[in-house]
Each structure stands twice: as structure tokens, then as C-alpha cells.
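Descriptive structure summary
As a plain string of letters, each chain reads:
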Amino acid sequence: MKRELLHTPEGVRDIYSEECERKLALENGIMSVLRTYGYHPIQTPAFEFFDIFGKEIGSTPSKDLYKFFDREGNTLVLRPDITPSIARCASKYFMDEKIPLRFCYTGNTFINNSSYQGRLKECTQSGAELIGDPSVDADAEMISLAVNLLKNAGLTDFQISIGHVDFLEGLLKAAGFDETTEEEIKDFISNKNFYAVEELVKHVSLDPDLIDLFGMLKTFMIQTSHIKEAKEKAKNYEKIYLALERLEQLDEILKLYQVDQYVSYELAMLSGLEYYTGIIFSGYTFGTGEAIVKGGRYDTLLTYFGKNAPATGFVIVVDQLMAALSRQNIEIPLANRNIWIVYNCQNQANAITIAGKLRKSGENVELMKLTKDTSREMFEAYAENFNIKDVIYCL
Ligand SMILES: N[C@@H](Cc1c[nH]c[nH+]1)C(=O)O
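Notes on the structure in this doc start here. It should be emphasised that the depicted structure is a prediction, and the values quoted were computed from it without experimental measurement. (Residues numbered from 1 in each chain as written. Predicted model: local features only at pLDDT ≥ 70, side-chain atom pairs only at ≥ 80, totals over all residues. Heavy atoms only, no water.)

1. As for the pairing of strand β13 (residues 364-369)
Under the convention used in this document: Note on pairing: two strands pair once DSSP finds at least 2 bridges between them. A run of H or I in DSSP counts as a helix once it spans at least four residues, and a run of E counts as a strand once it spans at least two, with each numbered from the N terminus. By convention a crossover is right-handed if, when the strands point away from the viewer, the path from the first strand over the helix to the second runs clockwise.
As paired strands, strand β12 (residues 338-343) and β13 are joined by 6 bridges and run parallel to one another. Across the sheet, the residue bridging to I339 is V365, located in β13. In terms of handedness, the path from β12 via helix α11 (residues 348-360) over to β13 forms a crossover that is right-handed.

Here it is, written out as C-alpha cells:
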């Protein structure tokens, strides 16, 4: 046998035994909370036509997509993100519906990123999308839902950082920078090099209010009092003003949901996804450098599929949440452990009858036949390793 046959490619991994049970328990927990908020489950295919994730959509860059062809010569893509698929689905099946549509899902996404720092190329996301509601109430529902999902998973120490894409967009527009300078500034920001931004801004003659607003980019965990101050300075810049006002309104509603202690505001927040048009947010905790929550408002994405509907949503990155829970020693309660019935040929009928009764009463029963290669002692020893609830011998 070739040893390589046992290997998986870089960036993907097997999940088995208890880890797999924990992951499924976590996913089920997330989905049941999403159901309590009225979200309808939906499943879309793991691969789609290339155009669903094309450049205009603003999803993952083409170089990071897994692309392949079908027999007809169509270019297909393993989904890098599930939101465009839900947008396609909502447009296809609910084109004329005017009331809000709520969908929830769990599925795997595939991004062909560089393998540095052992990043996973296949991730499980559980998420929610709320389509057809332009209001700040919908933004607040998303964020409070994300907080409650994390709390329900057992996390206590986490933060959701919230920003608005129009704060930076508005600043860049008001400053009148050319495209290259805009890109340069965005690069500085994504590398958290705010001094370079200030240097650059200092050397052009800008309204002092705008310079102050640029200065706010470097502050993490902005308080609502800062947002008020910023609004004063943004009076002549509508895009920036409205973004700040939206954040203020959001904060009020998050207080009603009693989740305000888990959120903070970050005006320099950027996302790799270009389809976002409003509030964006991501969640962090100890034990993983990557976001455990990612989301935001995408009011124009559905128009690519012919439906004119605003929308917002988010995902919990299940693998990252699993990693964080494990590093924080937070147990994921497992649904039910197995009972083993160890039997020999003569007692097969009896073993099957007992197993049937136990299964009816809700137990998980695994039948273990004793052969010439196994012994009662062997099963006794294994039972501990496999975290078995009970062993019944029919011998
Ligand atoms: N699809 C986004 C998360 C999201 C869901 N809905 C809105 N945003 C991502 O993969 O990062």
C-alpha cells in the first residue's frame, strides 16, 4: 500500500470520533437557535457556475477559487462563500415576495488561499441571511443573533466589532483621492498602519474636520460618545454622517436586545468581500486569530440575480469556534454516548431484541460481535477509550 494514500491535501483534514461528534453537536445547537428566531433552513449546492462568484458579485477573488469544468465545458466553482448562493436562490424562488425572507444554513466553503499559517481551505459555516429588510432593526437582529449563538455555544469572552463601509468610502470620496491613493490607504488600513494614513493625509490640504475623521480610524473600540463627536465633524459629508448615524441607531437597538456589552465599534473595519454596502461586523475571541463571526449588509447583491432587495447576514465559522472552545477548555456537551452490546453467535437473537428496545427508548446502541480475533477483555479495554456509556454482555 502506498503511504501517500492515507494523506489529505494541504489545508483540508479529517474530523472523526469525538471531535466530529462535538462539531455536529455545535452545528445542531447553532441551527436550533437560528430556528428559534424563525429562520428557514436551506441547502444550496457545493458547486455553482463560475458567474455566481464572478468579479461583479464581489465575493472571493478569482485566483482563490477552486475552478473546474463539467462535461459540457461550463466552468464551475466550489463555493467560497454561501451568501451569493442564497441570493441566487432567493431571487429564483421568491422573486416577487415583498415580505422579509429568513434563511439559515450549514455548509462547507472552499477557498484556495495560500497555505501559510496552516489556514484551512475547507471550512464549515453556519449562517443566517435576512432578505428584504433595509432597516437598522434587521442589522441589530443579526448582531444580537450572533451574540446569542456564541453565548449558547458556551463562550463568555468575545467581542463583535462593528463598522460601516461608508465611513471609509465617504472619507476617501470627500478627500478626492485618486484610485491608486485609495488603494494605498486601504492597504495601510488592512495592515493596521494608521500612522502611514495620517502621514499621507497630512501632506494634502484637507478640511481639518476631515483630518480629524481620518484620525478616528486608528481608534479601536470606539465609544458611542466618540460617534456623536464624529457626527459633528461630518455634518458636511453626508455619506459619513449617515454611516455614523446608522451606528448610533444600531447601538440603541442592541441595548434593547441586551447584547451591548459584547459589541464595540471600529471605524477602520474593512472586509475582503466587496458586496458589503453598510454595517459590517466580525467576532473574535481567545484561542484563534481568525474571526469566528463574519457578516454585514449587502443591499445590491441580489440585483445581479434580478431581485431588487436589500439584505444582511452573517456566518459563524464553525471550525474556528471549535478551536476557540477547545483552547478555552469549554466543553461542548455531547448528545448521547453509545451503549455497546457485546454478543456471541448463540446470543444474537437476544442481543438484537435488547438493542431494539434500547433504541426505542432513545439510546444509541452499537452491536459488537465477538469473533475468534476479539475477546470480552478487549472490548472492556476499548470501551473506556471510546467513551462508551455502558457495555452489556450477551454471552
Ligand atoms: N458570506 C460571508 C458572511 C456573510 C453572510 N451574510 C453576509 N455576510 C463570508 O463568508 O464572510
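2. Section: the packing of aromatic side chains
The test is simple: The aromatic pairing rule takes the rings of Phe, Tyr and Trp, using the six-membered ring of Trp, and pairs them if the centres are within 6.5 Å, calling planes under 30 degrees apart stacked, those over 60 edge-to-face and the rest tilted. Throughout, exposure labels follow a simple rule: accessible area from a 1.4 Å probe, protein chains only, divided by the maximum for the residue type, with under 20% read as buried, over 50% as exposed, and the rest as partly exposed. Consider the ring centre and the ring normal. A charge sits over the ring if Lys NZ or Arg CZ is within 6 Å of that centre and within 35 degrees of that normal.
In total, this model carries 10 aromatic pairs according to the counting rule given. On the basis of an interplanar angle of 50 degrees and a centroid distance of 5.6 Å, the ring pair of F94 and F103 is categorised as tilted. A relative accessible area of 27% means that F94 is categorised as partly exposed. A relative accessible area of 6% means that F103 is categorised as buried. With a centroid separation of 5.8 Å and 85 degrees between ring planes, the pair formed by W340 and F379 is classed as edge-to-face. In this pair, W340 sits in strand β12 while F379 sits in helix α12 (residues 376-385), placing the two residues 39 residues apart along the sequence. Taken as a pair, W340 and F379 share a single burial class, namely buried. Each member of the aromatic cluster is reached from another via a ring pair, and the members are W340, F379, Y382 and F386. In this arrangement the basic side chain of R376 is found over the ring face of Y393, its NZ or CZ atom lying 3.8 Å from the centre.

3. Some words on the pairing of strand β4 (residues 75-78)
Regular strands show a simple pattern: their side chains alternate between the two faces of the sheet. The sheet contact formed by strand β2 (residues 47-49) and β4 spans 3 bridges and is antiparallel. Directly across from E48, in β4, lies its bridge partner V77. Pairing of strand β3 (residues 67-69) with β4, which is carried by 3 bridges, proceeds in the antiparallel orientation. Bridge pairing in β4 links K67 to V77. In sequence, β3 turns back onto β4 through a hairpin of 5 residues, with G73 there showing a positive phi of about 90 degrees.

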